[in-house]
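Listed below are the residues making up each chain.
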Amino acid sequence: MPAPGRTAADLAERLLAGDRRALARAISLVENDDPEGWALVREVYPRTGRAQVVGFTGPPGVGKSTLIGRLLEHARAREREVAVLSIDPSSPFTHGALLGDRIRLTDHFLDPGVFIRSMASRGSLGGLSEAALQAALLMDASGKDDVYLETVGVGQAEVDIIDHADTVVLVLMPGSGDSIQALKAGVMEIPDVIVINKSDHPLTDTMLREVRGVLSLGPQEGWRVPIVKAEASRGEGIEELAERIQEHHEHIREQGTLDERRRRNLMNEVLALATARLRRRLEAQVHDDASVQELLDEVVARRLDPASAAARLLEREVQEPPPGG
Ligand SMILES: Nc1nc2c(ncn2[C@@H]2O[C@H](COP(=O)(O)OP(=O)(O)OP(=O)(O)O)[C@@H](O)[C@H]2O)c(=O)[nH]1
Ligand SMILES: [Mg+2]
């Protein structure tokens, strides 16, 4: 049996060479919060940043997966390699067992230029978003040209992984009134591209007017959010959607906002991970450290207020960082 270090290096090498099984294995490692997974991301990180990352969000059942399937075909016809990460915090299913049905992408499972994965479980460090971001980085490192992220969202983004997309596509269908309200109320951020799918529905043009109405309240400078009518089940509007996504990508690259966006998103990621680690350490101290227990006793006895106790806890963190951490 090879030494563990050797295996990790092998895995990284195979991953970078585009080996699908290595990619699948690597994602399982980050999903399970295995230290080897983090080590792997550390190793391949310099080779990321090349893929074009597109996030698809929208209410349940609007046709996000069907659209992604169509865009996949479009990309494959242009010899682009694609990875899809479907993130579903509400689903207990993982590892794509049920994905074949849910995502309707079974045709693509045998295509070596396509990698499809779903993720629902929450890795302990930082949670699902963090695990999903690591998975997306691994997909990027494995040489995929496009990485599509799918998340369900109506109001507040439950999974802020979508922030890591270069382009965010909001998918709606006629009757998605909740989303219109969420956009209007500013609960949902204005996306880069809006799709009104299921345009075979008679209320499509009403929906179109409502969406236009909401956008007219937003900023009128810079990128004008295009609205694309589509019928994913029949492949209508896919060409146009692909064009709009590409135009957005070029727009942000030319304006320099792509780098800005990535910088902001990565900063948020660093903060999220640091916060998760700090919280974990503090929680451990509360349980294991007698002096922290004494500090809490003081608070309970009303001799020390909670804010002062918190300040003391943090001071200790800064003064005596734990070994190796
Ligand atoms: N009539 C009509 N049905 C469509 C269209 N696109 C997708 N559907 C159907 O809508 C249903 C949901 O499609 P999905 O692609 O699974 O939708 P989704 O947004 O990925 O759903 P979740 O991932 O469960 O949130 C399926 O039965 C599709 O066949 C369309 O353009 N018109
Ligand atoms: Mg779906």
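Residues numbered from 1 in each chain as written. Chains lettered and ligands numbered in written order. Predicted model: local features only at pLDDT ≥ 70, side-chain atom pairs only at ≥ 80, totals over all residues. Heavy atoms only, no water.

## Examining the overall build of the protein
Per the secondary structure count, the protein includes 12 helices and seven strands. For the protein, the proportion of its 325 residues judged to be buried stands at 46%. Look at the contacts in the protein between residues 6 or more apart in sequence, and 77% of them connect residues 24 or more apart. (Helix = DSSP H or I, 4+ residues; strand = E, 2+ residues; numbered from the N terminus. Buried < 20%, exposed > 50% of the residue type's maximum accessible area, 1.4 Å probe, protein only. Contact = heavy atoms within 4.5 Å.)

## Considerations on the coordination of the magnesium ion (ligand 2)
Those donors, Ser65 (OG) and Glu150 (OE), are the protein atoms that reach the magnesium ion (ligand 2), and they lie 2.1 to 2.2 Å from it. Residue serine 65 is located in helix α4 (residues 64-77), and its partner glutamate 150 is located in strand β4 (residues 146-152); the two are separated by 85 residues in the primary sequence. Here the two residues serine 65 and glutamate 150 agree in accessibility, since each one is buried. (Donors = N, O, S within 2.8 Å, 3.2 Å for Na, K, Ca; no water.)

## A word on helix α6 (residues 128-141)
End to end, α6 covers 20 Å across 14 residues, agreeing with the expected 20 Å (1.5 Å per residue, within 8%). After α6 finishes, the residue glycine 143 shows a positive phi value of roughly 95 degrees. (Expected span 1.5 Å × (residues − 1).)

## Quick look at the sheet that holds strand β5 (residues 167-172)
Sheet architecture is open: seven strands sit in the order β3-β2-β4-β1-β5-β6-β7, paired in parallel fashion. At either end of the open sheet lies a strand with only one pairing partner, and these are β3 (114-119) and β7 (227-229). Taking each pair of neighbouring strands and ignoring which way they run, the sheet shows an average axis angle of 20 degrees. Here six bridges tie strand β2 (residues 82-87) to β3, and the two strands are oriented parallel to one another. Counterpart to serine 86 in the pairing with β3 is serine 118. Lying over the sheet, α4 contacts β1 (52-58), β2, β3, β4, β5 and β6 (193-196), oriented at roughly 175 degrees with respect to β4. (Pairing = 2+ DSSP bridges. Axes fitted to C-alpha atoms, helices over the stretch in contact; angles between N-to-C directions.)

## A look at the pairing of β1
Counting buried positions along β1 gives seven out of seven residues, so the element sits mostly inside the fold. Here β1 shows no split at all, with Gln52, Val54, Phe56 and Gly58 on one side and Val53, Gly55 and Thr57 on the other all buried. Alignment of β1 against β4, held across seven bridges, turns out to be parallel. Among the inter-strand pairings, glycine 55 is bridged to a residue of β4, identified as leucine 149. Pairing analysis gives four bridges linking β1 to β5, with the strands arranged parallel.

## Notes on the pairing of β3
Burial analysis of β3 places six of its six residues in the buried class, which makes it a mostly covered element. Alternating residues of β3 divide into Val114, Ile116 and Ser118 and Phe115, Arg117 and Met119, and every residue in both groups is buried.

## Considering the pattern of salt bridges
In total, this model carries 20 salt bridges according to the counting rule given. With a closest N to O distance of 3.0 Å, arginine 244 and glutamate 247 form a salt bridge. Separated by three residues within a single helix, arginine 244 and glutamate 247 lie in helix α9 (residues 238-255), roughly one turn from each other. Taking the shortest distance from any N to any O, the salt bridge between arginine 316 and aspartate 289 comes out at 2.8 Å. Highlighted residues: arginine 316 in helix α12 (residues 306-319) and aspartate 289 in the loop between α10 (257-288) and α11 (290-300), separated in sequence by 27 residues. According to the relative accessible area criterion, arginine 316 is partly exposed, its value standing at 21%. Note on aspartate 289: relative accessible area 23%, which makes it partly exposed. Ionic contacts of the salt-bridge type, sharing partners, join the residues Glu240, Glu243, Arg244 and Glu247 into one network. (Salt bridge = Lys/Arg side-chain N within 4 Å of Asp/Glu carboxyl O.)

## Describing the packing of α4 against α9
Where α4 meets α9, the closest approach of the two axes is 10 Å, and the angle between their N-to-C directions is 80 degrees. On the basis of the axis angle, α4 is roughly perpendicular to α9. Of α9, the residues touching α4 (which contributes Leu67, Arg70, Leu71 and His74) are Ile238, Glu239, Leu241, Ala242 and Ile245. Counted by class, the contact of α4 with α9 contains six nonpolar, one polar and two charged residues. (Parallel < 35°, antiparallel > 145°, perpendicular 65-115°, else oblique. Nonpolar A, V, L, I, M, F, W, Y, C, P; charged D, E, K, R; others polar.)

## Some points on the nonpolar core
One finds Leu15, Ile27, Leu85, Met119, Leu138 and Met139 to be the most contacted residues of the largest nonpolar core, which totals 35 residues. Every element with two or more residues in this core is listed here: α1 (4-16), α2 (20-31), α3 (35-44), β2, β3, α6 and β4. No other element matches the 10 residues that α6 contributes to this core. Other than its neighbours up to four places away in sequence, methionine 119 contacts Ile27, Glu31, Leu85, Ser86, Ile87, Asp88, Leu128, Ala131, Ala132 and Ala135. Membership of the second largest hydrophobic core comes to 24 residues, among which are Val62, Leu72, Ala232 and Leu241. (Core = buried A, V, L, I, M, F, W, Y, C linked by side-chain atoms within 4.5 Å.)

Purely spatial values, then, with no claim about function.
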